[in-house]
Structure formats: C-alpha cells, structure tokens
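Summary of structural features
Residues per chain are reported as follows:
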Amino acid sequence: MLNLIWLVPLLPLLGFLTTGLFRNQLGKSAGWIASAAVFGSFIISCGIFNELRGSASEGFTYHVLDFIRLDSMHIPFNFYVDHLTSIFLLTVTGIGFLIHLYSIAYMSHDEGFGKFFSYLNLFIFSMLLLVLGSNYLIMFIGWEGVGLCSYLLIGFWYTNHDYTNAAKKAFVMNRIGDLGFLLGMFLIFSKFGTLEFTQLPELIATSSVSNSYLAAIGLCLFIGATGKSAQIPLFTWLPDAMAGPTPVSALIHAATMVTAGIFMITRSNFLYSLIPDIQHIILIVGLLTALIAATIATQQNDIKKVLAYSTVSQLGFMFMALGVGAYTAAVFHVITHAFFKALLFLGSGSVIHAMSGEQDIRKMGGLKKDLKITYFTFAIGCIAIAGIPPLSGFFSKDEIMMHVYSSGTYGKIYWVFGMLAALMTAYYMFRLLLITFFGSFRGTEHQKEHLHESPALMTMPLMLLALLSVIGGYIGIPAVLGHNLGIHHALEEFLEPVLVKGNTLHHASELGLSHSQELVLMALAVLIALIGIGLAYNAFKKYNPSKQSSGIARVFEDKWYFDEAYDRTMVKPLFHVSELNNEYTEKKGIDGLVNGIGKWIQYSSQKLKGLQSGLVGFYIFLMVIGMILLFVSQLWFNKI
Amino acid sequence: MLILLILIPLCLGILTFFLPEKIASIIALAGNCITLVVAGLLYSAYSHEGSYVLNQPWIPTLGASFHLEVSSGLQILMLILTALTFPLIALVSWSKQPDQSNRFHALMLLTQAGLMGVFLAKDALLFYMFWELALIPVYFLCSMYGGERRISVTFKFFVYTFAGSLLLLSAILYIYVHTPVRSFALNDFVAAGRSLPLAQQKVLFWLMFTAFAIKMPVFPFHTWQPDTYEQTNTRVTVVLSAVMVKMGLFAVIQWLMPVLPEACDYWKNVVMILSVTGIVYASMLAMVQTNIKRLIAYSSIAHIGLMCAALFSQQNLGQQGVAIQMFNHGINIMGLWFLVYMVESRLNTQKLNEMGGVAKTAPWFTIFLVLVSLANIALPLTNGFVGEFVMFNGLFNAQTPYRFGLTIFAGLGVILSAVYTLTMIQKVAYGEQKFDFKDLNMQEFIVMGLLAALILWLGFNPSILMDLVSLNQHAFLK
C-alpha cells in the first residue's frame, strides 16, 4: 500500500482537473466524481494506516522529482509517510469525503456546482501535499495551496463585495504568517543546508548552533502557524471566512486546514523540544486565544460565527497542548475536534438550509420539532465539545488540561484559566443549542411553512459524524481509566515513533500526578462543564431576542474591537502613507527632481545660448579673460 | 545560427516597411515564428554541444569585432524569452491590427533584432550599438502608438534612458583606453577593468550601473516607467516590460559584475538597500493606483527590486535565482499585459473602478487572470515561486551585516503583493455584472493557454530552468 502513496494526492488532483475543465458538461455528476476521487484516497489511506499500525518503523519516503536542483541547493519533491502523516491522511480524506457527499445535496441549487467541487478537490489535494511533504518546502507548497483554496471558496459567491473582501483578508493574513514560515525556512537552510524532516532531527541535535538561533527558527515557524491556525494576533480572518458556503466552513475552516499549524509544530517537535522559551510563548498564545475567542463566542448571534469563534478557541486548546510538549494530546484533540466541529458546522448548514439561508439565531427557535435528526446530532456535538464523558471531547480536552496542570511553575494557574475557557465552551454551545432548537419559532411565516429536515445525503454524514463524536475518544483512554479494563492509549502508542525522546511524557505517573489527583481533576472538569451547561440553561430557557447586551458583554459582542484596532493602527495608516508617497514622494519628490534636472538643463542652455552672440569683439574679450584665468591658474599651481 | 536571430527580424523589419498593411502582419508573424524556431534549435544545440561563437573582424583599426556568442544558460533564457514574446503579441492582438500596421510591425521586428543583439554581443562596442538599436524603434513605437500624453512621456523616457546610455558609453570608452591591446572584446574588458585601481572602479561602477539601473528600473531611477507603461500601446508595453527591463539586469550580470568585481563588492550594500527600499516603496504605491497599467508597472518595479537585490547578494544561489526569475517574470508579466490588453480592447478603459463583474460572462478570462496573478505573487506550483524562493535564500546568505533586515524588509513585498494583486482581481473580475464582457476569442485563448501551461509546468517541475543556470555557473559568474 505504501507504494501507492502517490495515488493519494493524485486522485483529488485528477478530480479537480476533470470537474474543473468539464464543469459545464458534467452537471450534477461532478459532485459524485469529486466524492469518488476523495473516497479512493481514503481507501488507500486506510490501507497505509493498517500497514503502519503494526510497525514501529521510521517513515517511508517516496521520490516524485527533483524540485530544486542547483549547485548549492537541492530540495526534492518527496512524500514522507509516517504514523503522524497517516493519521492526518485519514482525517483529511475521511472527513473530506463525508463533506463532499453532504455538499452534493447542499450545493445542488447553486449555479457554480461544478466549480465548487473542483475547488474542494483542489483543496483536498493541497492539504494532502501539506501533510505528505517530506520537507518544509513541500509542506509550504501545500500550506499556500490550502490558503489559495480557502481564498477561492470564501469568495465563492464573487458578486458579493463583502465576501470577496473576506476572502482577500483571509489570504493576506495568511500571507503574513507565511512570511514567518518562509523566514523560518531561510534560517534552517542557511545553517543546516537541508529542509528534510528525516535529516533535520539528527542535524539539530548534534549541531553546535546556538539556542537563540533555534529559538528564532521556532518563533518564525510559530508565526506561520498563528496565521494558518487563526491564533492571536492573526485570528480575525477566520470568523470572516464564514462567508463561504457552509460545507467549506466545516471542511476547511474547522476540521482540516486550520489544524495545519498544529500538524507543522508536531512535525517539528524535534526542534521545539529544545526551545522551552518558545514553547512557553506558544502556551500563553494558545491560552489567550482560547479565552478571548470563547468570550466572543458567548455573545454572537450568527450561528456560524459562534462556531467560528468556538473553532478559534478550540485551536487555542491545541496550541496549549503543543506549548507543554503534549503533542499526542494536541493531535488527539485535532481528531476529536474534527469530528464534532465538522458535525456542528454541517448541522448548522442543515439549519440554514431549512431556514432558506437565515443565519441569525435570534430569528430561529423551536427547530427541534421539524429538524429531528439535525437537532439530535447537533446536540451530540454540543455535548462532545462541552467535555461531558464518555463523548470524545472529554478525553482529548482532559488530556490537554492534565498536561497543562502538571507543567512548570505556573501550570496550575494556566489550568484555572484553561478551565474558565472550558466553562465558557459549555456555556456558549448550549446557549446556541437552546436558542436555535428550543422555545418557539421566531422566523417569518414563509420560513415556517418551508421548514423541513434535510435530505438523506445531508443527514447521513451528520449521523456518521455524530457516531464518531461519541466513540472517537476511545482511541485515547487515559491509563487511569483504561488500566483496569486492559485498554491502552492507542493513539499514544501509535504516535510514539514520530516524537523524539523526551517528548513522550504521557503517562500521568511521569507527569508527577497520582491516580487520585488525576481522577479529581477529571471530576472537576466534568463539574465545570455541567456548570456551564446549567448557566446556559438558566439564562436561555426563556429567550428574549430583543435584549441588548451591555458592559463587558458588549465588548465581547464587538469582538474586543480587534478588527477596528488593526484597521486604525495598521491598514489605514499603511494606505494613508502610500497615498502620501504616491502624491508627494513620487510625483513631487523623485519625479520632480528628475524633471527639475531636465528643466534646469533646458534653462541653462537657453541662457548659454546668449553667449553665442556673433559679435567678434565679444569673443575676443572672452578669449582674453580665458587666457588670463589660465595664466593665473598656472602660476597658482606652479607655486605649489 | 546566431546571426540568424538578428538577421531575420532585421531584414524582415526593413522589408515590412514597404509592404502593404495586409501582408505586413502575416510576414511579421511568419518571421517571428521562424525566429522562435531558430531560438528553439539553438537551445537544443546548446544543451548538447555547449557554447556557440561567431567572431568576425568588424572595425579592426579600433579593435572592435563582430563577436556574438552564446555561452551561458542565462543568454539562452533571454533569447527564448525575446523570441517568444513577439509572436505572442502578434497573435493575441491579431483580430485588431494597429493603424499603419506595416510600420508598426516593422518597428517591432527591428526592436527584436536589437534585443537579440544585446543578449548575444560579447564585444563592448557591438553591445552598445545593439543597446541603442533596441531603444530607437521603441521610441518611435511609443511616440506613435498610445495614449494622449504619449509624446511628452516618451520624450522623457527617451532622454532619461539616453542619458544613462551616455554614461555607459563614457565608461566603455574609459575602460577601452585601458585595455592592453585596445580592444572592445569582453575578455579584454574583464582584464582591463580588474586591473584598474579601486578608486577608479568605484566611479566607473556608477557610470555603468546608472545606465542599467534606469533600464531595470531600480528605485529611485524608476519614475519614467509608470508614465511610459500607462501611455504606450499595450502591445509595446509587453515588449518594454517582459524583455527590455531585463536588459538592465542582464547587462549587470554579463558586463558590470565580471568587469568591475571589486567595485560591485564595494557598492553592494548601497545597491541592495536601494533595491529593497524599492520593493516596499513600489508595492505601497501599487496598492493605491487607480489605473491598472500603473498598478502593474509598480508591481514590476517591486519584482525587479528583488531581483536586483538578489543579484548583488553576491551569492551563487541568489544569482541563479535571478536568472530563473528573469525568464519567469517575463512570462508572467506578459500574461498580465495580455489580459490588460483584452480588458482595454473590450471596455476601452484602464481605470480600475470602471471595471468589474466580468467573471460571470468571461469565465476563461477570469481563470487566466487569477492564475497569472497568482504566478505574479509567487504562489507555489506556479513558475514565480521557485525563483523567488531561491533569490530570498541568496539574499539571506549575503555577506553583509544587514542581511536579516534586508530579507525581512524584502519579505514585506510578499505580503503587500498579495494586497494589491488580489485587489486588482477583485476590481476587474468580481462584483455584480456590469457589462456584456466577451470571453476570450480563439487566438487569445491559444496564447493564454500556452502561457498558463508554461506557468504550471515550470512551477511544478522547474528542473529545465535549473539545469540551464546551474550547469553553466562558470560562464555565468565569470
């Protein structure tokens, strides 16, 4: 199976070309072709996963071609498959396939049907390149590729100016991060002469490169990650990205692309384990993002915006895990989050579909009667993300928080703040659930008549994802619970070969926690989630949509004014200075100088022209003066 | 074979003046195609056998010889780019011939002859002659075809570049006087230039570099360019932008660096700082342009700035990146100008806010616009990426204390280019439909399809370019 690895990205690429070039001829079959392509990749990915499961070997490299072949730079276009890759392959193709299926029904009335599926396939292709690349450069190709697809899909309905602005914003903010990624690559290449994941761990471990140099690399790469994975300060594009069709939000802006930063840093664990200072920065950034995004999510009224900020917040949790070196926990949360967040987004899509495009939860309510499957699965998603056992979110979040708790001097303080974010998670998700599905319907009469459950093609993926959200946690049962049952932490064992030694601190005993401590922390986590749900129930069992928020809630609703601050301090001044440069520096300054020189030459030749008067006497007069000057200068020089 | 590259366009150019308009365009296109075939043959011969020489005495009493030679991959790339540009221009604008098309095509052919000569000559006097020969027909093209302000703008362009040329001529003559046997041959120039004391080299550097910097153009010698691009007929803009600006970079590599290596090393920081300033400055100006041609002009200045900076990084890697990028930038900017040409010929405007919403009726146009724009901002898997990546690596490893700052500052161009390019796409293609914008016709589709294929293929598998510039690094950095 490993020898077929080239097929995994090739199938979606072919799907992209077919559905793209023949989008007008294919009609509705474009959706099936695109889905089949992704399904093919999924099958092969399963085979690869199966093959790797038994072995603890190093990864497998597949050579495609020499990408850069210069005298002093050699970077191959290679695929590299190891345990980490195979997990991401499964997530991307598996969830990707379900979302493709869902989209066939969701997008069926859109005139850009074929175009949509070609973009989706292009995205899957880019994402697969990202996870398959054997070096930072190939990863970067996929990295920018998914950014492009994100741009194309956010601006999918291109006649809307706001949407294309959102698309542009996403691309530019990602580019800011990408510059960090690029600088990281320059730093690595300049010192080590290679970008290969197979060679760098050893080179870095044995080199005498100063720690500050490594820290600079780590920081640059992390800046790249903040762009793609929507962390402070580069997170504001993600909520705007909800302008794209809802399946896109589920696939790209929740389940897969935004986790690329986590993948990249996990991939670079050999580097980050050597630079604790940078890890600390990652931890703090993750924590701040988790908190701030959660506060914003509590006050949003657009169903997709709530989920978007929730995604930002959950990504923050993953970065917290990376910050304390708990790579397995981060990947674990990537997987479970992919299940329940894809589920929630697709569920919201089903709601929006039923509401004829309405996204404002203030105009919904009482939908559980008409949308039974959507309601049921959405509720499962909410319970999963809130962290109620035995659903998947509980296990992955618990593992992260456990590591945070036992890390360093301030671990316990960070744990408290992390739990605060978890509390808000439970609160805003149940707020969303209660406002949308409970109470009485607040939409128009027309919408009310139109209310219907989505077709089977949409509800099937919902049910499958709901199932995964329920059982997904069993790949990572903590030892304290699983020990007596003879269940191991399967993910941890699977990922062990990927992580450098010293990064495999996972058992609670190694964390310095006793079993009883661990159980107390778990109980606390469940209690906090229940409090969050209780608060939400108390506040929204009778919902009044016209209530205006005030005070701090107002700040949350207005997203802490991040966009306004960026606009005032960066965007506007930049354009203002550019205008000034255009008007003054360029036209009056530089070009003025050039024209001035031209004019001056014209002017002086005009004056000099007067000397050629044609009067012989005047010429003789000048000649004499010239001779005297010569004579004097001669004397002067001779004297010296 | 080498002489054919000059003779075909030269003879046909003279002939075309006297042909009736209808035949003129056909003869010109046929001539262009033959030249392209010859260039292709030269490439395949070169990759098998290596260098090609034609060396005849020209003005023996002065020590000037008619010395054409292909000895580096960079020359091959520039020759192919020149040979490719002209037939594509003719083809893309086939359905709408310019007034007095015989005169137009004749001048275009003469320009091509001059450009070929510039890239082939290994004799300083011959080089200078071709340098001017390429400029003169372009002067007529600019002043006879174009916008309302074309006369004054072209006059400035001509005087500006000509002033540079005079500085170049004075430097050539100064070095000539110091050659051991009074010869204009490149090899003798190299020996003479290097034997001069550093103080003189430093002055000579600016005489030559100013001429080349105006041509590229590098900040702050760039102000002729946006005006000229805006006012000239877009067919001519393609020539200026895709090929002629490369003359400056090419001359630095072929003449300035080998002849005055110590001075180049001495002044490199100044040049790199100017270039990198130019990247950010031009990118910022591109963001606020309301005229699409000026926007692309500033975008081009920013790109050239990166190439010039990488060139003076004095790193092998950076310079190879420049050679690759000179070709790829030619392809991409050509594509952009063709798209501008299509917009102009359909909507009769260059103003961005008078465009918009064409995606609905012109999907192919939009696809090509997006693809070429992405190549212009160096998205991976388009041809623009590899060269830029390699150049940045070169700049980053430059032997200068400022290398970090220079790289980061130049990197801002990566972000800003996304801002202005995506804004351009948005204003041209997106939004509500306003006009019945016709999608590409057959010729336009063929040309854009060819460019798109090049963009994607060279983006995925750039080894063909890499092999050209890396095998010949000795010739390249003589």
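Residues numbered from 1 in each chain as written. Chains lettered and ligands numbered in written order. Predicted model: local features only at pLDDT ≥ 70, side-chain atom pairs only at ≥ 80, totals over all residues.

1. Examining the overall build of chain A
From N to C terminus, chain A includes 28 helices and 2 strands. With respect to the three principal axes, the spread of C-alpha positions in chain A is 120 × 65 × 55 Å. When burial is assessed residue by residue, chain A has 54% of its 640 residues classed as buried. Excluding contacts between residues fewer than 6 apart, the proportion of contacts in chain A whose partners are at least 24 apart in sequence is 80%. (Helix = DSSP H or I, 4+ residues; strand = E, 2+ residues; numbered from the N terminus. Buried ≥ 20, exposed ≤ 12 C-beta atoms within 10 Å, placed from the backbone. Contact = placed C-beta atoms within 7 Å.)

2. Some thoughts on helix H14 (residues 363-376) of chain B
Helical periodicity: at 3.6 residues per turn, an α-helix aligns residues three or four positions apart in one direction. For H14 of chain B, built from 14 residues, the straight-helix expectation of 20 Å at 1.5 Å per residue is met to within 8% by its first-to-last C-alpha distance of 20 Å. Every buried residue of H14 of chain B is listed here: Phe-365, Thr-366, Phe-368, Leu-369, Val-372, Ser-373, Leu-374, Ala-375 and Asn-376 of chain B. Where the residues of H14 of chain B are buried, they touch helix H6 (136-154) of chain A together with helix H12 (292-311), helix H13 (316-347), helix H15 (383-396), helix H16 (403-429) and helix H17 (442-460) of chain B. (Expected span 1.5 Å × (residues − 1).)

3. Quick word on the domain arrangement of chain A
By the assigned domains, chain A splits into domain 1 (1-203 + 214-264), domain 2 (275-557), domain 3 (570-608) and domain 4 (610-640). Look at where the C-alpha atoms of domain 3 of chain A and domain 4 of chain A centre, and you get two points 39 Å apart. (Domains from an automatic or database assignment.)

4. Overview of the pairing of strand E2 (residues 64-70) of chain B
All names here are of chain B. Counting buried residues along E2, 5 of its 7 residues qualify, which places the element largely inside the surrounding structure. Relative to E2, strand E1 (residues 52-59) runs antiparallel, the two sharing 7 bridges. Across the sheet, Tyr-52 pairs through a bridge with Val-70, a residue of E2. A loop of 4 residues connects E1 with E2, the two strands running antiparallel in sequence, and Gly-63 in this loop sits at a positive phi of about 80 degrees. (Pairing = 2+ DSSP bridges.)

5. What to know about the nonpolar core
In this structure, Ala-342 of chain A together with Leu-256 of chain B are the most contacted members of the largest nonpolar core, which totals 407 residues. Here this core gets 18 residues from one element, more than from any other, and that element is helix H10 (residues 234-259) of chain B. Viewed by domain, this core spans two of them, domain 1 (1-203 + 214-264) and domain 2 (275-557) of chain A, each represented by three or more residues. Filtering out sequence-adjacent residues up to four positions away, Leu-256 of chain B remains in contact with Met-208, Phe-209, Phe-212, Ala-251 and Cys-264 of chain B. (Core = buried A, V, L, I, M, F, W, Y, C linked by C-beta atoms within 7 Å.)

6. Some remarks on the interface of chain B and chain A
Taken together, the contact pairs 42 residues of chain B with 40 residues of chain A. Mapped by element, the contributors of at least two residues to the side of chain B that touches chain A are helix H6 (150-177), helix H11 (261-287), H13, H15, H16 and helix H18 (463-471) of chain B. Per-element tally for the side of chain B that touches chain A: the top contributor is H16 of chain B, with 10 residues. Residues of the side of chain B that touches chain A, tallied by class, amount to 26 nonpolar, 15 polar and 1 charged. (Nonpolar A, V, L, I, M, F, W, Y, C, P; charged D, E, K, R; others polar.)

7. Section: helix H27 (residues 562-609) of chain A
Taking 1.5 Å per residue, 48 residues should reach 70 Å; H27 of chain A reaches 65 Å between its end C-alpha atoms and fits that length. Along its length, H27 of chain A shows its largest kink, about 45 degrees, at Gly-592 of chain A. Counting buried positions along H27 of chain A gives 3 out of 48 residues, so the element sits mostly on the surface. The set of residues buried in H27 of chain A consists of Ser-578, Asn-582 and Glu-586 of chain A. The inward-facing, buried residues of H27 of chain A contact H11 of chain B. (Bend = angle between axes of the 7 residues up to and from the residue.)

8. Focus: unusual backbone geometry
Backbone torsion omega between Ile-232 of chain A and Pro-233 of chain A reads 5 degrees, so that peptide bond is classified as cis. Tracing the chain through its elements places Pro-233 of chain A in the loop between helix H9 (211-228) and helix H10 (237-240). Here Pro-389 of chain A and Pro-390 of chain A are connected by a cis peptide whose omega angle stands at 5 degrees. With respect to the helices and strands, the residue Pro-390 of chain A is situated in the loop between helix H17 (372-386) and helix H18 (392-405). In this model, Asn-348 of chain B sits at a positive phi of 55 degrees, which is unusual for a non-glycine residue. Mapped onto the fold, Asn-348 of chain B is located in the loop between H13 and H14.

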